[in-house]
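# Examining the three-dimensional arrangement
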Amino acid sequence: MRAAWGLLALGLLVGGPGVADAATSRTQFSGVVNLNEASASELDRLPGVGEKAAQRIIQHRGKRPFQRVEELVRVKGFGRKKFLKLKPHLTLSGPTTLKVEQVAPPPEGKEVVAANN
């Protein structure tokens, strides 16, 4: 039993596969998705939205188009917390412009300050 705990502790200290990859890049989302016009693949690009959730959005809007982005919480699997995460990337008008990019994190010890123009 002690040996098992020792191996578990060693595994936690060393880290598993993918730990270094997670530290070297992060995902950045920019742009918006039109809830009433986006395809399943465009909806799937939203953070935390998978293929099944995208299909549920399409089914919902087929019955009744979204009048407000807040109506997304009426779709199964979308609660208030998930909606608040997605809200900056949702729209009901215009084209879908969402882009997903892998960006390198800032060097350690360096603080990144965004300038407001």
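Throughout this description, residue numbers start from 1 for each chain and increase along the sequence as written. Two thresholds apply to this predicted model, a pLDDT of at least 70 for residue-level local features and 80 or more for giving and counting side-chain atom pairs, whereas whole-chain, interface and lining totals are computed over all residues. As a convention, hydrogens and water are excluded, and side-chain values are obtained from all of the structure's heavy atoms.

## Describing the overall build of the chain
Secondary structure elements are defined from DSSP: runs of H or I of at least 4 residues count as helices, runs of E of at least 2 residues count as strands, and each element is numbered from the N terminus. Secondary structure assignment for the chain yields 5 helices and 4 strands. Listed N to C, the secondary structure of the chain is α-α-β-β-α-α-α-β-β in terms of helices and strands. Categorising residues by exposure relies on relative accessible area from a 1.4 Å probe, with only protein chains included: less than 20% of the type maximum marks a residue as buried, more than 50% marks it as exposed, and the intermediate range marks it as partly exposed. Here the chain holds 117 residues, and 21% of them are scored as buried. Within the chain, residue pairs in contact and separated by at least 24 positions form 60% of the contacts whose partners lie at least 6 positions apart. Areas reported here follow the Shrake-Rupley algorithm with a probe of radius 1.4 Å; residue values treat only the protein chains shown as occluding. Carbon and sulfur atoms form 56% of the exposed surface of the chain, whose accessible area is close to 8,700 Å². Here, residues are in contact when the closest pair of their heavy atoms is within 4.5 Å.

## Things to note about the environment of L92
Mapping L92 onto the fold places it in the loop between β3 (90-91) and β4 (99-103). For L92, a relative accessible area of 25% corresponds to the partly exposed category. For the pair L92 and N34, spaced 58 residues apart in sequence, the C-alpha separation works out to 5.0 Å. Excluding residues within four positions of it along the chain, L92 makes contact with N34, L35, N36, F66, Q67, R68 and V69.

## With respect to the side chain of H60
Along the chain, H60 turns up in helix α4 (residues 51-63). With residues up to four places along the chain from it excluded, the contact list for H60 reads F66, R74 and V75.

## With respect to α4
Take the number of residues in a helix, subtract one, and multiply by 1.5 Å to get its expected span. When the terminal C-alpha atoms of α4 are compared, their 19 Å separation across 13 residues agrees well with the 18 Å that a helix rising 1.5 Å per residue should span. Of the positions making up α4, those classed as buried are A53, A54, I57, H60 and R61. The buried residues of α4 all sit within an arc of 120° when viewed along its axis, so they share a single face. Pointing more than 90 degrees away from the buried face of α4 are the exposed residues E51, K52, Q59, G62 and K63. Considering only its buried residues, α4 is in contact with β2 (33-34) and α3 (40-44). Arc, as used here, means the arc of the directions from the helix axis to the C-beta atoms.

## Quick look at the packing of aromatic side chains
Any two rings among Phe, Tyr and Trp, with Trp reduced to its six-membered ring, count as a pair given centres within 6.5 Å; such a pair is stacked if its planes are under 30 degrees apart, edge-to-face if over 60, and tilted if neither. Applying the stated rule across the entire model yields 0 aromatic pairs. We call a charge positioned above a ring when the Lys NZ or Arg CZ atom is no farther than 6 Å from the ring centre and deviates by at most 35 degrees from the ring normal. The ring of F78 carries K82 above its face, with NZ or CZ at 4.9 Å from the centroid.

## A word on the nonpolar core
Formed by 18 residues in total, the largest nonpolar core has its most connected members in L35, L43, L46, I57, L72, F78 and L90. Per element, the largest residue contribution to this core is 3 residues, and it comes from α4. Those residues in contact with L35 that sit more than four places away from it in its chain are L43, I57, R61, F66, V69, L72, L90, T91 and L92. The term nonpolar core refers to a set of buried residues drawn from Ala, Val, Leu, Ile, Met, Phe, Trp, Tyr and Cys, joined through side-chain atoms within 4.5 Å.

## A look at the confidence of the model for the chain
Predictor confidence is given residue by residue as pLDDT, running from a minimum of 0 to a maximum of 100. When pLDDT is averaged along the chain, the result is 81, and 72% of the positions lie at 70 or above. Low confidence marks residues 4-16, where pLDDT is under 50. Its contacts with residues over four positions away, or in another chain, come to 1 contact. Counting interchain partners and residues more than four positions distant, the pLDDT-below-50 stretch residues 18-22 has 0 contacts.

## Focus: the side chain of E71
Positionally, E71 belongs in the loop between α4 and α5 (80-86). Here the side chain of E71 touches Q67 through a polar contact of 3.1 Å, landing on its backbone nitrogen. E71 has contacts with R64, P65 and F66, leaving out every residue within four places of it along the chain. Polar contact is the term for a pair of N or O atoms within 3.5 Å; when the atoms are in protein, one must be able to donate a hydrogen and the other to accept it, and sequence-neighboring residues count only if both atoms are side-chain atoms.

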